[in-house]
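Next come the chains, spelled out residue by residue.
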Amino acid sequence: MNSTLMNILPLILLVVVFYFLLIRPQRKRQQEALQMQNSLAPGARVMTTTGLFATVVAIDNEDVILEVSPGVETRWVKAAIGRVVTPVDDKIAATAVPETNDEADETVDRNGDQGTNTNKS
């Protein structure tokens with residue numbers, strides 16, 4: 001009896017690990033995607049699963065009408081909406097892409113106008 005339990009225990013542990021590492025996270029992602037698709041509203045900026053960026057114009061049952069560019073509207077199923085795109089805050093954008101003017105600094109250094117690392121004796 002005890003040896004039979006010891007033989008089955010690794011199989012049971014494998015099933016439990018499989019559930020927590022694969023099945024449960026996948027189910028959670030599906031529920032989040034379904035919730036996002038059901039909360040779509042006109043005016044939302046979205047990206048489809050194929051990478052197309054558009055604005056939601058109207059919602060008709062399981063279909064969504066997207067405006068790709070001014071005057072160009074296409075009909076998609078809700079399941080094709082991959083994510084809602086949120087506008088980037090200006091403050092975040094400024095810190096994410098620092099503005100440097102390397103060319104101007106190099107020109108000044110080459111001319112010797114503001115060479116801080118040059119030793120003149």
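Residues numbered from 1 in each chain as written. Predicted model: local features only at pLDDT ≥ 70, side-chain atom pairs only at ≥ 80, totals over all residues. Heavy atoms only, no water.

Visitor: How do you make sense of the UniProt feature "transmembrane region" (unreviewed entry) in the chain when you look at a structure like this?
Guide: On the UniProt side, "transmembrane region" (unreviewed entry) is annotated at positions that read residues 6-23 here. The annotated region residues 6-23 carries 100% helix and 0% strand content, and the separation between its end C-alpha atoms amounts to 25 Å. (UniProt positions renumbered as here; feature names shortened; annotations may be inferred. Helix = DSSP H or I, 4+ residues; strand = E, 2+ residues; numbered from the N terminus.)

Visitor: When you look at the pattern of salt bridges in this model, what are you seeing that I'm missing?
Guide: If charged atoms from side chains of opposite charge come close, those side chains can pair. Inspection of every chain in the model, using the stated rule, returns 2 salt bridges. Across the pair D60 and R75 runs a salt bridge, and its minimum N-O distance is 3.5 Å. Here D60, found in strand β2 (residues 53-60), pairs with R75, found in strand β4 (residues 72-77); they are 15 residues apart in sequence, far enough to count as distant. Its relative accessible area of 39% is what places D60 among the partly exposed residues. Between D63 and R75 there is a salt bridge; the shortest N-O distance is 3.3 Å. Of the two residues, D63 sits in strand β3 (residues 63-69) while R75 sits in strand β4, which places them 12 residues apart along the sequence. (Salt bridge = Lys/Arg side-chain N within 4 Å of Asp/Glu carboxyl O. Buried < 20%, exposed > 50% of the residue type's maximum accessible area, 1.4 Å probe, protein only.)

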